[in-house]
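# Understanding the architecture of this molecule
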Amino acid sequence: RRARSLCPLSTYKSHGGRFCTAPTITEQLRGPCVRSYTPEAATHCSASSTPRRRAQAMAVTDAAPPPSLAPPTPLLGIVVEVSPNTTPSSSSQSYAKVVEAVVALRNAHLLCHHGGEVLVVAALPGATQFISSDQQNGGAATAKQLRECAERADSERKTPAAVAAALGRFLCYASRKTSTARCVLFKCGEDDAAQYHAVMNCLFAARRRKILVDAVSLGAKPSPLAKLCAHLAKGAFTHNPPHLRDRLVAVALATFGADAECRQSLSLPALHEADFRTACLCCTPPKILDRG
């Protein structure tokens, strides 16, 4: 009676036309049948049905496991405009502060997000370059490559920095990743009129994929294109003039260090105005056009 109450049983019809009871599939894998109406039926059930059901149970056990429920890996992209026309010399103290802010953002992201990834893209005169940001070498390798990029850009004075191409390369890299991504743009100088449409296309693509694009303007006057980047991609914007370059690291960590979820509980600087009027960017300052 005790075995009858503790062992789950199932009733079925055997090949001999008799009704018999046997343990369920789980109990049959553990041991032979413990109850049947006749000894012959019990022997037949345990000899013929148990191997077939054991094979079915093993097939279910060998099935592919369900997909992982781990959260997606966060991706941080940092686009730095490196151009001798807009960026100070690689040996200047002002550019050293920019490199220090990039390294601080990289370290903060990897510290707050286990398994996170950082991609630094340098916008050089007429070209772009990926900068490795591995966790083994730390931020020293990133700072070294940024200084090398600035030294290489010192020889080219007439070609503007390829900011649109750098944004596009980051978006192409982020589209291949099943992760949450955001980007920080360090706009060091004046806007290039030839890249206006390309930058707008990148911003529309980033907004469609829900990628935040933050922007910091490092020139003497705020960059209108950097404001549009932050406004269209729902990011944050800040202006850090050259005489306040010592505060760049603190401003970058306080404004761009948090992800989209944490920003809902923070009070970030708001973008009060963004000029959408038709303007000629070839003029300095940009000339507002009545017709365009």
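All values reported here derive from a predicted model rather than from experimental measurement. (Residues numbered from 1 in each chain as written. Predicted model: local features only at pLDDT ≥ 70, side-chain atom pairs only at ≥ 80, totals over all residues. Heavy atoms only, no water.)

### Some thoughts on the pairing of strand β5 (residues 127-131)
As paired elements, strand β4 (residues 117-124) and β5 share five bridges and run antiparallel to each other. From the neighbouring strand, Leu124 faces β5, where its bridge partner is Ala127. (Pairing = 2+ DSSP bridges. Helix = DSSP H or I, 4+ residues; strand = E, 2+ residues; numbered from the N terminus.)

### Observations concerning the sheet that holds strand β3 (residues 75-81)
With mixed pairing, the six strands of this open sheet are ordered in space as β5-β4-β3-β6-β7-β8. Of all the strands in the sheet, just β5 and β8 (237-239) have a single pairing partner and so form its edges. Sheet twist, expressed as the mean angle between neighbouring strand axes with direction ignored, is 15°. Of the strand pairs in this sheet, strand β6 (residues 181-187) and strand β7 (residues 212-217) are connected by six bridges, and their pairing is parallel. Across the sheet, residue Val184 finds its bridge partner in β7, namely Asp214. The sheet contacts of helix α5 (residues 139-153) involve β4 and β5, and relative to β5 the element is tilted by about 165°. Sheet contacts for helix α9 (residues 248-256): β6, β7 and β8; angle to β7, the most-contacted strand, approximately 160°. (Axes fitted to C-alpha atoms, helices over the stretch in contact; angles between N-to-C directions. Contact = heavy atoms within 4.5 Å.)

### What about the pattern of salt bridges?
Within this structure, the stated rule accounts for five salt bridges. As a salt-bridge pair, Glu117 and Lys177 come within 4.0 Å of each other at their nearest N and O atoms. Residue Glu117 is found in strand β4, and its partner Lys177 is found in the loop between α6 (163-175) and β6; the two are separated by 60 residues along the sequence. For Glu117, a relative accessible area of 24% gives the class partly exposed. Measuring nitrogen to oxygen at the nearest pair gives 2.5 Å for the salt bridge that ties Asp214 to Arg263. A residue pair is termed long-range when its members are at least 10 positions apart, and Asp214 in strand β7 and Arg263 in helix α10 (residues 260-263) qualify at 49 residues. For the pair Asp214 and Arg263, a shared accessibility class is recorded, and that class is buried. The network of salt bridges with shared partners includes Glu81, Lys187 and Asp191. (Salt bridge = Lys/Arg side-chain N within 4 Å of Asp/Glu carboxyl O. Buried < 20%, exposed > 50% of the residue type's maximum accessible area, 1.4 Å probe, protein only.)

### A few points about the packing of aromatic side chains
Counted according to the given criterion, the structure contains zero aromatic pairs. Positioned above the aromatic ring of Phe130, the side-chain terminus of Arg169 is 4.0 Å from the ring centre. (Phe/Tyr/Trp six-rings, centres within 6.5 Å; stacked < 30°, edge-to-face > 60°. Lys NZ or Arg CZ within 6 Å of the ring centre and 35° of its normal.)

So yeah, pure geometry; function would need other evidence.
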